[in-house]
Amino acid sequence: MANLQEKIAKLSPAATFEIDGTGILQATVPAKEWHDLAKALRDDKETPMDYLVTIVGADWVESLGCIYYLMSTTDRSMCSVKVVAEGDRETPYIDSVSDLWHIAEIYEREVYDFFGIIFINNKDMRRLFLNIDWVGYPLRKDYDEDPAINPISIENERQSDNTTVYTKEDGKIVKKERAIFHHDDFVVNIGPQHPATHGVLRFRTAVDGETIKKIDVYMGYIHRGVEKLCESLQYPQTLHFLDRLDYFSGQVYHHGLCLLYEKALNIEVSRRAQVIRVMMDELSRIASHCLFMGTYCMDLGATTMLFYTLRVREQILDIFEKTCGARMTFNYACIGGVMQDIAPDFAADVKALLEVLPANIKEYNKIFTGNVIAKNRMEGVGVLSREDAISYDVTGPAGRASGWACDMRKLFPYSIYGELDFEQCVRPEGDSMARFKIHIDEIEQSAKILAQLVDNIPEGEYCVKVPKVVKLPKGQWFQLVEGCRGACGFYVESDGSTKPVRLKIAPPCLPLAGVVEHITTGNKIADLITIGGSLDYIVPDMDR
Amino acid sequence: MEVTTKSMPYSAFKDNEYIEQLVKEIQESGTNVIVGSFDKLINWGRSNSLWPLTFATSCCGIEFVSLGAARFDMARFGWEVARASPRQADFMMVAGTIVNRMVPVFRRLYDQLAEPKYVIACGSCAISGGPFRKSYHVAKGIEDIVPVDVFVPGCPPRPEAMIYGIMQLSRKIKVEKFFGGVNRQEKQEEFLKAHPID
């Protein structure tokens, strides 16, 4: 970390440094020097900061700005850079880094949508989630939530074929229009109501015959404003939304945010609670991957697989239900441990599951993986290289299928993952088949973890005592966990009160949707379903 | 009259007062023997093969998938033909949150459903906005946007609850007047007057 500080200090002499609550170095640099610093950090020979974890927009009332979380895939070193936007509150601006990291284009659009910060030289400065006529920037502290300003309308939203680009000429910001599609492109609309988009995602697809020329992804059809809602809720209350983002990773997301709060409050969780949490995480990973396989095969026309995979999923949901009392929205992990103790026959149920799992996996491989139609449709389709996976932030199974070892359970072992024996599944091919197969591999690894823990659930309390009113000390924290679909980051800023000043969820599915255009361009339109399905995005997770 | 469906005992249903009230209203001015008999025949068919529209925005949609799979198996009740096109569907199960940006799309889907059409508001988000009610970008219940026939509470409702909800809809369909009732056909001129083409 000291090296990193020296490096940044050398590149940007005006930088000031501090360490945040999670031990991550934070440099505050002037906006003017940011782009050059970012370029130097990314192009560093020894430890290039090639992974832009997330961009957290923030409104500190007296100023607006962003916090960039950067990571090096070579030595896992991590730092954050805080940049305060130049200009006044009307037109705050920062130089774009979308030329350095591909994913920054989408992240910057998100920040623009929520905070109105303009990114100079970003080629696509449109709103991301809200429609183009939306008034105000919702995550600003002075946003007026009056429904009369932005009423619900059944009239079709206005749509533009142009996007805005801001450039700087002679110190002045110049606004320019740029056409999204070529004027004689044939544009096909897919979604938001389409059975193969896995939720309400919308693609405007320019096609040349059957070949995809360009895809413009529209999100926000399930944008529920969770981050803003969290700002008016107390810390324990913020947890329950996480069940409803990526509804398959509810347990993992809960675990992640609880880890962050516990770190901030200095709470030591009992061993029993840790083991239970990890077991729940892995159970939900198996359930999630089972549903992925079922729906993905259904997209490709193999309906039978859905019934086979849901058989295992239902068995896991029964285990959850006995302990948590719900099939989907569990609200199980809480600050200090878990909500209630596990059901008496939890261990027996998990053992029964582990017994049937190998036979099921064999069956899946038999009816689908080796199927010649499946092979023809998936092998070599939608290849994503390792470099692009990193640049587009494609984590989780999709990233590991491109050869990028990005499992947060291994990179930053949280909870008890450090002492468990399991392997990180990586495949080098990067095509749809690899993305499918890696899910099966991961089910096997999750089963391995469960087998190690099921007989070793220690006695003890399942939840330690925490104060009735949870107050986080002043500061900021960042926590990464491995959700079922990739790395999920949580950023919390506190002013010492009972409510967060800013709670940012960096979901794994937003980059997965951001990479669709890159992978599908040049492929056939029928492959859009194969590729989109194999990426396995959950729309409520990307929209939040 | 005891209105029931799928061999369920009448006492197993909860809000029988509602259905009794509905029957009373419909039969207030009597029923024609011939038309009434045809109504019964057609409603018997309609209520036993309800085709849902594949429409899901969030969590409830996954429970809807479970409902279609082998364990809960809505196929045994004749509801399995989930259609991707609204023109072929009888009812729409609004499974998930409807946000501001989705409202025009949702309304258009409803308009595209062929008459007679029904809506089930499934889950607390569709009923009232649920946990996201206070958000700046969420519709506070779909009742303001489309007429709703059945509300199924839960977050998300269990598949059993969904089965019960569709059964309630099925009961409602069973007592309706088909001829001269829900099978109303608008004249083309009337339709164009109500929906002007600009």
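Residues numbered from 1 in each chain as written. Chains lettered and ligands numbered in written order. Predicted model: local features only at pLDDT ≥ 70, side-chain atom pairs only at ≥ 80, totals over all residues.

A.B. asks: What exactly am I supposed to notice about the nonpolar core here?
C.D. replies: Taken as a class, soluble globular proteins show a tendency for nonpolar side chains to be buried jointly. Within the largest apolar cluster, 215 residues are counted, with the highest numbers of intra-cluster contacts made by Leu 70 of chain A together with Met 92, Val 94 and Ile 120 of chain B. In terms of residue count, the dominant contributor to this core is helix α7 (residues 271-299) of chain A (15 residues). Looking at which domains feed residues into this core, each of domain 1 (2-180) and domain 2 (226-543) of chain A supplies at least three. Leave out the neighbours within four places in its chain, and Met 92 of chain B touches Leu 53, Phe 55, Leu 109, Tyr 110, Leu 113 and Val 119 of chain B. (Core = buried A, V, L, I, M, F, W, Y, C linked by C-beta atoms within 7 Å. Buried ≥ 20, exposed ≤ 12 C-beta atoms within 10 Å, placed from the backbone. Helix = DSSP H or I, 4+ residues; strand = E, 2+ residues; numbered from the N terminus. Domains from an automatic or database assignment. Contact = placed C-beta atoms within 7 Å.)

A.B. asks: In this structure, what is going on with the pairing of strand β17 (residues 502-506) of chain A? I would like to understand it.
C.D. replies: The side chains of a regular strand alternate between the sheet's two faces. All names here are of chain A. By the criterion of burial, β17 is predominantly enclosed, with five of the five residues buried. Because side chains alternate across β17, one face comprises the buried residues Arg 502, Lys 504 and Ala 506, and the other comprises Leu 503 and Ile 505, equally buried. Here strand β16 (residues 486-494) pairs with β17 via five bridges, running antiparallel. By the bridge assignment for β17, Gly 489 is matched with Ala 506. (Pairing = 2+ DSSP bridges.)

A.B. asks: Whenever I open this one, the sheet that holds strand β1 (residues 16-19) of chain A confuses me. Can you help?
C.D. replies: Whenever strands of a sheet pair, they do so through backbone hydrogen bonds, lying parallel or antiparallel. Residues and elements named next belong to chain A. If you walk across this open sheet you meet the five strands as β1-β2-β5-β4-β3, and the pairing is mixed. Looking at the sheet topology across the chains shown, the edges are occupied by β1 and β3 (51-59). Neighbour-to-neighbour, the strand axes of this sheet turn through a mean angle of 20°, independent of strand direction. Where strand β4 (residues 64-71) lies against strand β5 (residues 78-84), seven bridges are found, and the strand directions are antiparallel. Bridge pairing in β5 links Ile 67 to Lys 82. Strands β3 and β4 of the sheet are contacted by helix α3 (residues 104-115), whose axis makes an angle of about 10° with β3. (Axes fitted to C-alpha atoms, helices over the stretch in contact; angles between N-to-C directions.)

A.B. asks: Any chance you could explain the sheet that holds strand β1 (residues 52-53) of chain B here in plain terms?
C.D. replies: Residues and elements named next belong to chain B. The strand order across the open sheet built from four strands is β1-β2-β3-β4, with neighbouring strands paired in parallel fashion. Both edges of this open sheet fall to β1 and β4 (150-152), since each of them pairs with a single strand only. Across two bridges, β1 lies against strand β2 (residues 91-95) in parallel orientation. Bridge pairing in β2 places Pro 52 opposite Phe 91.

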